[in-house]
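The chain contents come next:
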Amino acid sequence: MTTLLPEDYVVLGKVSSVYGVKGWVKVFSFTEPMDRILEYGNWTLKQGQDLIPIEVDMGRSHGKGMVAHFKGVDDREIAKRYSGADICVPRSRLPELSEGECYWYELEGLTVITTTDVILGKVDYVMSAGSGNDVLVIKGDAASIDRRERLVPYIDQFVLEVDLVVGRVIVDWDPEF
């Protein structure tokens, strides 16, 4: 049996809180569409350094989010223990992407450089803006022009190239913005 390390997992969502009194939890999904997270069936919850394997036996969309039930967890107080946990699956379970596509987690840590060779910083994370496009959250560091945080829409107009091998993203972005 192979033991997976935390870096072998990717976060697909978060358990936000409990839902009802029968052990259900509210889930914030990072997948697109959001209910795709249920297709992974068994999850690994990450709380601090702890990895907790858990079986999802039911789940559904609920309002603008999701709710899920874990097998054997039929009490609100037990379900509450999982609040705040990251929902993870092994990277190996992610589907293959088409040429030129990448997962959000693959962008994290890449150096962001403008078309005029100005280093803006590194991609800290990617977030959904809710307006149909994603946004790169870039943190300035010691190698960047400044230590400012920048938000750059992840659209072809601004993100010109992503090179996972070299570890960089080239953007058409004014460093003063």
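The paragraphs below set out a description of the structure included in this document. (Residues numbered from 1 in each chain as written. Predicted model: local features only at pLDDT ≥ 70, side-chain atom pairs only at ≥ 80, totals over all residues. Heavy atoms only, no water.)

A word on unusual backbone geometry. A cis amide bond links Glu32 with the next residue in sequence, Pro33, at an omega value of -5°. Within the fold, Pro33 resides in the loop between β2 (24–29) and β3 (42–47). You will see that Asp117, though not glycine, has its phi angle at about 65°, which is positive. For Asp117, the position within the fold is in the loop between β7 (111–114) and β8 (119–128). (Helix = DSSP H or I, 4+ residues; strand = E, 2+ residues; numbered from the N terminus.)

Judged by side-chain polarity, Val11, Phe28 and Phe30 come together as a nonpolar surface patch covering roughly 280 Å² of accessible area. Mapping Phe30 onto the fold places it in the loop between β2 and β3. (Patch = residues over 30% accessible without salt bridge, like charges linked within 9 Å, V, L, I, M, F, W, Y side chains within 5 Å. Areas by Shrake-Rupley, 256 points an atom, 1.4 Å probe, with all protein chains shown as cover. Salt bridge = Lys/Arg side-chain N within 4 Å of Asp/Glu carboxyl O.)

Right, let's get into the sheet that holds β7. If you walk across this open sheet you meet the six strands as β10-β9-β8-β7-β12-β11, and the pairing is mixed. On the outer flanks of this sheet lie β10 (149–153) and β11 (159–163), each paired with one strand and no other. Neighbour to neighbour, the strand axes of the sheet diverge by 35° on average, direction disregarded. (Pairing = 2+ DSSP bridges. Axes fitted to C-alpha atoms, helices over the stretch in contact; angles between N-to-C directions.)

This brings us to the sheet that holds strand β6 (residues 86–90). If you trace the six strands once around the closed barrel, you get β1-β2-β5-β4-β3-β6, paired in antiparallel fashion. Pairwise comparison of adjacent strand axes, ignoring direction, gives a mean angle of 50° for this sheet. As judged from the six bridges shared by strand β1 (residues 9–19) and β2, these two strands associate in the antiparallel manner. Residue pairing across strands places Gly13 opposite Ser29, the latter belonging to β2.

Let us look at the layout of surface pockets. In this approach a probe as big as a water molecule rolls over the atoms, and the regions it shows empty are the leftover space. Of the voids in this model, the largest pocket is the one considered here, and its volume is about 1,400 Å³. In this structure, the largest pocket is lined by 42 residues; those nearest its centre are Phe30, Thr31, Glu32, Tyr103 and Trp104. Those elements that provide at least two residues to the lining of the largest pocket are β1, β2, α2 (104–107) and β8. Counting residues per element, the lining of the largest pocket draws most heavily on β1, which supplies four residues. When its residues are assigned to classes, the lining of the largest pocket shows 25 nonpolar, eight polar and nine charged. (1 Å grid on protein atoms, 1.4 Å probe; cavity = no way out; pocket = protein on both sides within 12 Å on 5 of 7 lines; lining within 4 Å. Points joined across faces, edges and corners; volume = space filled by probe spheres on them. Nonpolar A, V, L, I, M, F, W, Y, C, P; charged D, E, K, R; others polar.)

Moving on, we get to a negative patch on the surface. Taken together, the side chains of Glu55, Asp57, Asp74, Asp75 and Glu77 make up a negatively charged region of the molecular surface. Within the secondary structure layout, Asp57 lies in strand β4 (residues 50–62). (Lys, Arg positive; Asp, Glu negative; His and termini not counted. Charge placed at Lys NZ, Arg CZ, Asp CG, Glu CD.)

Grouped together as the largest cluster of nonpolar side chains are 22 residues, with contacts concentrated most on Val27, Trp43, Leu45 and Phe70. Elements supplying a minimum of two residues to this core: β1, β2, β3, β4, β5 (65–70) and β6. Top contributing element to this core by residue count: β1, with four residues. Those residues in contact with Val27 that lie beyond four places of it in its chain are Lys14, Ser16, Ile37, Trp43, Gly65, Met66, Ala68 and Ile87. (Core = buried A, V, L, I, M, F, W, Y, C linked by side-chain atoms within 4.5 Å. Buried < 20%, exposed > 50% of the residue type's maximum accessible area, 1.4 Å probe, protein only. Contact = heavy atoms within 4.5 Å.)

Here the focus is the packing of aromatic side chains. This model, assessed by the stated rule, comprises six aromatic pairs. When the ring of Trp43 is compared with that of Phe70, the centres are 6.0 Å apart and the planes differ by 80°; the resulting orientation is edge-to-face. Placement of Trp43 in strand β3 and of Phe70 in strand β5 is noted, with a sequence separation of 27 residues between them. Grouping residues by exposure puts Trp43 and Phe70 together as buried. Here the guanidinium or amino end of Arg60 rests over the ring plane of Trp24, the centre of that ring lying 4.8 Å away. (Phe/Tyr/Trp six-rings, centres within 6.5 Å; stacked < 30°, edge-to-face > 60°. Lys NZ or Arg CZ within 6 Å of the ring centre and 35° of its normal.)

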